There are 4 protein chains.
Amino acid sequence: MTRKIGIIGMGNVGAACAHYIVACGFADDLVLIDENEQKVQADALDFEDAMANLPYHTNITINDYHQLDDADVVISSVGHIKLLGGDHPNRFAELKPTGSDVANVAQKLKQTAFNGVLIVISNPNDVMTSLYQELTGLPKAQVIGTGTLLDGARMKRAVGKAFAVDPRSVTGYNLGEHGNSQFTAWSTVKVMDQPVADLAQQNGLDLAQINEDVRMGGFTVFNGKGYTNYGVSTAAVRLALAVINDAHSELPVSNYRSEYGVYLSYPAIIGRGGVLKQLQLDLPQDELDKLQASADYIKKNLQ
Amino acid sequence: MTRKIGIIGMGNVGAACAHYIVACGFADDLVLIDENEQKVQADALDFEDAMANLPYHTNITINDYHQLDDADVVISSVGHIKLLGGDHPNRFAELKPTGSDVANVAQKLKQTAFNGVLIVISNPNDVMTSLYQELTGLPKAQVIGTGTLLDGARMKRAVGKAFAVDPRSVTGYNLGEHGNSQFTAWSTVKVMDQPVADLAQQNGLDLAQINEDVRMGGFTVFNGKGYTNYGVSTAAVRLALAVINDAHSELPVSNYRSEYGVYLSYPAIIGRGGVLKQLQLDLPQDELDKLQASADYIKKNLQ
Amino acid sequence: MTRKIGIIGMGNVGAACAHYIVACGFADDLVLIDENEQKVQADALDFEDAMANLPYHTNITINDYHQLDDADVVISSVGHIKLLGGDHPNRFAELKPTGSDVANVAQKLKQTAFNGVLIVISNPNDVMTSLYQELTGLPKAQVIGTGTLLDGARMKRAVGKAFAVDPRSVTGYNLGEHGNSQFTAWSTVKVMDQPVADLAQQNGLDLAQINEDVRMGGFTVFNGKGYTNYGVSTAAVRLALAVINDAHSELPVSNYRSEYGVYLSYPAIIGRGGVLKQLQLDLPQDELDKLQASADYIKKNLQ
Amino acid sequence: MTRKIGIIGMGNVGAACAHYIVACGFADDLVLIDENEQKVQADALDFEDAMANLPYHTNITINDYHQLDDADVVISSVGHIKLLGGDHPNRFAELKPTGSDVANVAQKLKQTAFNGVLIVISNPNDVMTSLYQELTGLPKAQVIGTGTLLDGARMKRAVGKAFAVDPRSVTGYNLGEHGNSQFTAWSTVKVMDQPVADLAQQNGLDLAQINEDVRMGGFTVFNGKGYTNYGVSTAAVRLALAVINDAHSELPVSNYRSEYGVYLSYPAIIGRGGVLKQLQLDLPQDELDKLQASADYIKKNLQ
């Protein structure tokens, strides 16, 4: 009965999610929540000042958790990205303050009747997704982190640029933590139907450099403008649409993998129930090792 | 041959224009320009990190004025909105620094072969639109300010809310300066096919209050988040599409009216050539007086 | 919980509605129903053959009325347009066969739990809308005919062309029967903020000719291709979106007017509950007479 | 300078292309051409009757080849699909009458200044694409057939359905003739990152059956409604957007392969110049044999 999306945390990321949704008419009802009442009121009013010039109408309500009772999707974009800077940037710098916010949000969410899919953008992503699942008590399949859906888009951007090919025509995955221990699973990456490793060798291209570019992509954007928002919000909204459309799309997202005992990014089939099915990749040993190391790193920090 | 849009000034407004355009695939080529090289690079990279997850592809180039040679539309969103605050907010606080930026941009634009439509968001809007026209030497019809297209959207939002009606179903105009002297021409405003003045009287609604709400709308948003961007960028992109589609849409925008000898907001027919035709409203004397006062205020500040 | 639309009658009109919805991703679940099992299977398969190349995913089911239990909107496009031809074209030629189809569909719809908004395209439109309301027992507010939303679009096309203005920038209504007795309420029509009657006089334009063009518009298209589908399906989908978005849009549609005791086209405010509010126009006597005549004609044929 | 698309042949396929383009606002100028003047006039008028209810404006002109002088893309959808029926359906049944139409269109196109990309839907596709290239004298890179972009979408639909996965999440190609000798190159097809051949074996799925379903998909739709249009028009418009956006997308389309000396479907990188680059797949011998046979079949019929 019509599409309802909630966004919790109206910083640069949450606002960009809302803008994309409002501009394209993806939701009928949009619930915006932020501790900064003035900010969320200002954004809602600003969106309403756009309505007369937009093709689609969206009903916006603010700061009312009970509006989430019948939401299809809730996106959590609470965070403290300003802590990301410094000489050794690491999304774990946000761990304590964002963890505290997430605990607070999860408690309020638990008091609603919300039973849709919770999409987590908050960082460190895998830890926050895990925390949300635990604290809300929602089934694991219904709590998903955007994870390396963004890192994969960065990899596709970099590989696409190297070969003058549309990023959408590059296939393959980034796996593990959405953070410093993530990696491109080069064994899975193809462009022009060729393993990118082969093509890179033929063209004298350094994949390690591309991987580093991908890993550091967020920091480059962060250093340029003090935050990142368009890449990650686009990933989150794409994920939300896969849920709402019940599209059964294959997407690399942070989902709970029992063999590792943690949330980490690994491709899954996404539909109205959240994670409908988990893939089983045939990875070479070195990538399995990297994935294990990434899982260990997440697990250590989760504790 | 394909759609090309330039955006000069990648602050919150320019970035929101770019986001809307990229998210909806409205342009094939997008040229982003900003004095802050790091910021525009960061935004471009952030948009490219979204491409793998978007339905449409947009080619982005940065800080190259000669890419504007064959642009259909250039949007100027340079500005210094931070100066807007204070006890007596007035868009003219931006006059000097933004005027200096605009002079600089206009000079560079003049050195290109650009012969499309220049859409000005920069404030004070009517003065900056006038300045651009003068300095670029582009025909008056090809230089347009977003003007009260935004104020009108705010009026429609406020009237729509008062009567529980879609803002798109409210007709009528805000006229004059996009600033403190602008006003809702209530004689032109209808909702549910009734003059809103009659309906307001029947319902005990205070139109002066709505007008004040509209006039102060931007400041409310500004106070809540330190800038306004979604309303105005949506207006600018709608205007850009009217140009590119050659839609012949009637829109209230800042255009040069010879009877007042200044740029001010007044409805016009907008198409590929910019302002194709100017309307001639039948306004009552009190509204004509307000419009004259607004024109005088702009003229004074232009000098 | 996600958007669900049903379409009953997969002729040229129903198929064009479905195409628009699928192409733009307006629905998550689409239920297609037609007595011709082969035809509806073929269309569903053809749409599914488009899915890999479309940005949005839509889940299509066919010929299962119980899928309509939780639909937001059901569109009825059953009809026998082939009967429309001849020397004196009249939508009432379809009355008997389409009436029989509508009775059949209404009965099946009544056996479902459907409690959304039923949008009727079938002709003669006002009679079929009335019939559906009576036979399904749905509240009058939830059964709406597309009525003169199409005739109004034709009027806006014709007036827009005459004055070189975007049809979306023409305001005003066509009223009464969606059929030969419909008329443009010229007293309501404005373009460039001028009453079109004044402008027409100034420009030597014959409004009666435009009215005739509007009234005959459907027949012109019909004669050229044996059916009409794009104009009317666009009107129906716009109406469906106003319902689903709960947009509170003002649209001229066939709705039950108690003062006339029949369904006829007259502007109303449309939202999730269907007709949320009915307008009260200030029409001159000659237009009131035409409306009464149109109402009488519908009433006579309803019996 | 703005997007201009021409469509030649306004049967069910051309009309569906036009509908998709108009409904989504993909073009600013749309040129519709058909020998049946009444039909193309009726469609144009029908689209114009939709404009008042659509978010985007499109300027439509009809039957004027010189409007194609500066078109970005021209789509040829002339054809005689009614000849497709019978006990042994074969797209070559259309060869003579469509070939004659194509010769006629190509001659007229040659007299214009058109220098964009010509997208051919007409069947038998590879032969007609070849014919167009030869007769217009356009560079081979600028004449492309939709080819197995449709067959591939059908394969993705069938494989997606078998594994409950979004067709967009299935990768791989159909190659060769867009006709009876086309085949799914199973060696290239993956779903859930597994070779589909392995998964099929594990799940007792008969790939030969899926291939037959794909090959016969068009005929199933044809038998159900007398034509096919949504799948193929969506493929054509996707291809047109890849050109206009200069997206550098990898798509399997009919393009001239010098090693086979004919046009046949094989993936290529598509952008503003048409075919920007041709892929080189590593196919197993049995698929190479099938491709050779398909090429031989096309070559024989071309003569």
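Residues numbered from 1 in each chain as written. Chains lettered and ligands numbered in written order. Predicted model: local features only at pLDDT ≥ 70, side-chain atom pairs only at ≥ 80, totals over all residues. Heavy atoms only, no water.

### Quick notes on the overall build of chain A
Selection rule: Elements are defined by DSSP. Helices are runs of H or I of four residues or more, strands are runs of E of two residues or more, and each kind is numbered from the N terminus. What the globule rule says is 2.2 Å times the number of residues to the power 0.38, and the radius of gyration is computed from C-alpha atoms. Summary of the burial criterion: residues with accessible area below 20% of their type's maximum are buried, those above 50% are exposed, and those between are partly exposed, where the area comes from a 1.4 Å probe applied to protein chains only. The contact criterion used throughout is that any non-hydrogen atoms of two residues lie within 4.5 Å. Only the protein chains shown count as cover for residues, and the accessible areas themselves come from Shrake-Rupley with a 1.4 Å probe. Within this scheme the basic residues Lys and Arg register as positive and the acidic residues Asp and Glu register as negative, but His and the chain ends are omitted. To locate a charge, take NZ of a lysine, CZ of an arginine, CG of an aspartate or CD of a glutamate.
Along the backbone of chain A there are 9 helices and 12 strands. In summary, chain A has a C-alpha radius of gyration of 19 Å against a globular reference of 19 Å for 303 residues, a match within 12%. Each principal axis of the C-alpha distribution contributes one length, and for chain A these read about 55 × 45 × 40 Å. The buried share of chain A, reckoned over its 303 residues, is 66%. Taking contacts inside chain A between residues at least 6 apart in sequence as the whole, the part at least 24 apart equals 68%. Approximately 9800 Å² of chain A is accessible, and the part contributed by carbon and sulfur atoms is 48%. Within chain A, the 34 negative side-chain charges are centred at a point lying 2 Å from the centre of the 24 positive side-chain charges.

### Describing the environment of Gly261(B)
Residues and elements named next belong to chain B. Examined against the element boundaries, Gly261 turns out to sit in the loop between strand S10 (249-257) and strand S11 (262-271). The class for Gly261 is partly exposed, based on a relative accessible area of 31%. Along the sequence, Gly261 and Gly25 sit 236 residues apart, while their C-alpha atoms lie 38 Å from each other. Apart from the residues lying within four places of it in its own chain, the contact partners of Gly261 are Tyr256 and Lys299.

### Considerations on the interface of chain B and chain D
For clarity, the threshold we go by: Note on definitions: buried area is the accessible-area loss of two parts on being combined, 1.4 Å probe, summed for both. Each salt bridge in this description consists of a side-chain nitrogen of Lys or Arg and a carboxyl oxygen of Asp or Glu lying within 4 Å of one another. Side-chain atoms alone can form a polar contact between residues adjacent in sequence; in general such a contact is a pair of N or O atoms within 3.5 Å, and within protein one must be able to donate a hydrogen while the other accepts it. In this classification, the charged set is Asp, Glu, Lys and Arg, the nonpolar set is Ala, Val, Leu, Ile, Met, Phe, Trp, Tyr, Cys and Pro, and all remaining amino acids, among them Gly, are polar.
The interface is formed by 20 residues belonging to chain B together with 20 residues belonging to chain D. Interface of chain B and chain D: buried area, both sides summed, is about 1700 Å²; carbon and sulfur atoms make up 44% of it. At the surface where chain B touches chain D, the tally comes to 4 salt bridges. The closest approach of N and O atoms between Asp29(B) and Arg272(D), which form a salt bridge, is 3.0 Å. At the junction of chain B with chain D, the criterion picks out 13 residue pairs in polar contact (both at pLDDT 80 or more). A breakdown of the residues in the side of chain B that touches chain D according to their chemical character gives 8 nonpolar, 5 polar and 7 charged.

### Observations regarding the UniProt feature "active site" (unreviewed entry) in chain A
All names here are of chain A. Rules: UniProt positions are given in the numbering used here, feature names are shortened, and annotations may be inferred rather than shown by experiment.
UniProt marks His178 with the feature "active site" (unreviewed entry), using the numbering shown here. Locating His178 in the fold gives a position in the loop between strand S7 (170-175) and strand S8 (183-191). With relative accessibility at 3%, the residue His178 sits in the buried group. Among residues more than four places away in sequence, those in contact with His178 are Arg91, Asn123, Asn125, Asp126, Gly147, Thr148, Leu150 and Asp151.

### Overview of the interface of chain A and chain B
Chain A puts 47 residues into the contact, and the matching count from chain B is 47 residues. Counting the surface lost from both chain A and chain B, the interface buries some 4200 Å², and carbon and sulfur atoms represent 56% of this. Here chain A is connected to chain B by 10 salt bridges. Between Asp46(B) and Lys225(A) there is a salt bridge, with its nearest N and O atoms 2.8 Å apart. When contributions to the side of chain A that touches chain B are tallied by element, the ones reaching two or more residues are helix H1 (12-24), helix H2 (37-51), helix H5 (149-163), helix H7 (207-225) and helix H8 (230-244) of chain A. Here the side of chain A that touches chain B gets 11 residues from one element, more than from any other, and that element is H2(A). Looking at the side of chain A that touches chain B residue by residue, the class counts come to 22 nonpolar, 12 polar and 13 charged.

### Describing the pattern of salt bridges
One pass over the structure, following the stated rule, counts 52 salt bridges over all chains. Between Asp49(D) and Arg157(C) there is a salt bridge, with the nearest N and O atoms lying 2.7 Å from each other. Of the two residues, Asp49(D) is situated in the loop between helix H2 (37-48) and strand S3 (59-62) and Arg157(C) in helix H5 (residues 148-163); the pairing between them involves two chains. In this structure, the salt-bridge partner of Lys190(C) is Asp193(C), at a minimum N-O distance of 3.8 Å. Judged by relative accessible area, which is 26%, Lys190(C) ranks as partly exposed. Given the relative accessible area of 16%, Asp193(C) is considered buried. The structure contains a network of salt bridges with shared partners spanning Lys39(A), Asp43(A), Asp46(A) and Lys225(B).

### Notes on the relation of the copies chain B and chain D
Put simply, the test is: A least-squares superposition brings the copies together, and it is based on the C-alpha atoms of residues with pLDDT no lower than 70 in both.
Overlaying chain B on chain D yields an RMSD of 0.0 Å, the required transformation being a rotation through 180° with an accompanying axial translation of 0.0 Å. Overall, the copies show the geometry of a two-fold rotation axis.

### Digging into the sheet that holds strand S8 (residues 183-191) of chain B
All names here are of chain B. The condition that has to hold: Strands qualify as paired when DSSP identifies two bridges or more between them. Only the stretch in contact is used when fitting a helix axis, every axis being a line fitted to C-alpha atoms; angles between N-to-C directions are given from 0 to 180 degrees.
Taken in spatial order, the 3 strands make up an open sheet running S7-S8-S9, and their pairing is antiparallel. Lying at the two open borders of the sheet, with one neighbouring strand each, are strand S7 (170-175) and strand S9 (194-195). Two strands pair when backbone bridges link them, and S8 and S9 are joined in this way by 2 bridges, in the antiparallel orientation. Within the sheet, the bridge partner assigned to Lys190 lies in S9 and is Pro195. The sheet strands contacting helix H5 (residues 148-163) are S7 and S8, and the helix crosses S7 at an angle near 140°. Contacts from helix H7 (residues 207-225) reach S7 and S8 within the one sheet, and its direction differs from that of S8 by about 115°.

### Things to note about the packing of helix H1 (residues 12-24) of chain C against helix H2 (residues 37-48) of chain C
All names here are of chain C. As a reminder of what qualifies: We call two directions roughly parallel when the angle between them is under 35 degrees, roughly antiparallel when it is over 145, roughly perpendicular when it lies between 65 and 115, and oblique otherwise. Rotating anticlockwise by less than a right angle from the far helix to the near helix defines a left-handed crossing, while the corresponding clockwise rotation defines a right-handed one.
For the pair H1 and H2, the least separation of the axes is 11 Å and the interaxial angle reads 20°. It follows that H1 is roughly parallel to H2 by the angle criterion. H2 is crossed by H1, and the crossing has right-handed handedness. From H1, Ala15, Ala18, His19 and Val22 reach across to H2, where they touch Lys39, Asp43 and Phe47. Here the contact of H1 with H2 is built from residues that sort into 4 nonpolar, 1 polar and 2 charged.

### A few points about the confidence of the model for chain A
Threshold: Here pLDDT means the predictor's own confidence in every residue, given as a number from 0 to 100.
A residue-level look at chain A finds 97% of positions with pLDDT of 70 or above and a mean pLDDT of 94. Two summary scores accompany this predicted model of the complex, namely pTM at 0.97 and ipTM at 0.96.

### Focus: the sheet that holds strand S9 (residues 194-195) of chain D
All names here are of chain D. Strand order in this open sheet of 3 strands is S7-S8-S9, and the pairing throughout is antiparallel. Every other strand in the sheet has two partners, leaving strand S7 (170-175) and S9 as the edge strands with one partner each. Contacts from helix H7 (residues 207-225) reach S7 and strand S8 (183-191) within the one sheet, and its direction differs from that of S8 by about 115°. In the packing of helix H9 (residues 285-302) onto the sheet, the strands contacted are S7 and S8, and the crossing angle to S8 comes to about 140°.

### So, the packing of aromatic side chains
Applied cut-off: The pairing test for Phe, Tyr and Trp rings, Trp by its six-membered ring, is centres within 6.5 Å, and the orientation test on the planes gives stacked under 30 degrees, edge-to-face over 60, and tilted for anything in between. Only when the NZ atom of a Lys or the CZ atom of an Arg is both within 6 Å of the ring centre and within 35 degrees of the ring normal do we say a charge sits over the ring.
Tallying each qualifying case throughout the model produces 16 aromatic pairs over all chains. Seen from their ring centres, Phe47(C) and Tyr230(D) are 4.3 Å apart, and the 15° between their planes marks the pair as stacked. Of this pair, Phe47(C) sits in helix H2 while Tyr230(D) sits in helix H8 (residues 230-244), on two different chains. Overall, the relative accessible area of 1% leaves Phe47(C) in the buried class. Following the ring pairs from residue to residue traces out a cluster consisting of Tyr20(A), Phe26(A) and Tyr56(C). Seen from the ring of Tyr256(A), Lys140(A) lies directly overhead, with NZ or CZ sitting 4.7 Å from the centre.

### Examining the pairing of strand S3 (residues 59-62) of chain B
Residues and elements named next belong to chain B. Where we set the bar: Here, the term right-handed applies to a crossover whose path from the first strand over the helix to the second runs clockwise when the strands point away from the viewer.
As judged from the 4 bridges shared by strand S2 (residues 29-33) and S3, these two strands associate in the parallel manner. Paired with Leu30 across the two strands is Ile60, which belongs to S3. In terms of handedness, the path from S2 via helix H2 (residues 37-48) over to S3 forms a crossover that is right-handed.

### Here's the deal with the relation of the copies chain A and chain B
Note on the identical chains: chain A maps onto chain B by a rotation of 180° and an axial translation of 0.0 Å, with an RMSD of 0.0 Å. Both copies share a contact surface, since 100% of the interface residues of chain A are interface residues in chain B too.

### Comments concerning unusual backbone geometry
The residue after Asn123(A), namely Pro124(A), is reached through a cis peptide bond having omega -5°. Positive phi, close to 55°, is recorded for Ala164(A), a residue that is not glycine. Its location among the elements puts Ala164(A) in the loop between H5 and S7. The exposure class assigned to Ala164(A) is partly exposed, which follows from its relative accessible area of 44%. Positive phi outside glycine occurs at His248(B), with the angle close to 60°. Mapped onto the elements, His248(B) comes out in the loop between helix H8 (230-244) and S10.

### Notes on the packing of H1(A) against H8(A)
Residue and element names in this part refer to chain A. Between H1 and H8, the least distance of the axes is 9 Å, while the angle of their chain directions is 55°. Here H1 is positioned oblique relative to H8, judged by the angle of their axes. As H1 packs across H8, the resulting crossing turns out to be right-handed. Contacts between H1 and H8 involve Val13, Ala16, Cys17, Tyr20 and Ile21 from the first element and Tyr230, Val232, Ser233, Thr234, Ala236 and Val237 from the second. Taken together, the residues of the contact of H1 with H8 break down into 9 nonpolar, 2 polar and no charged.

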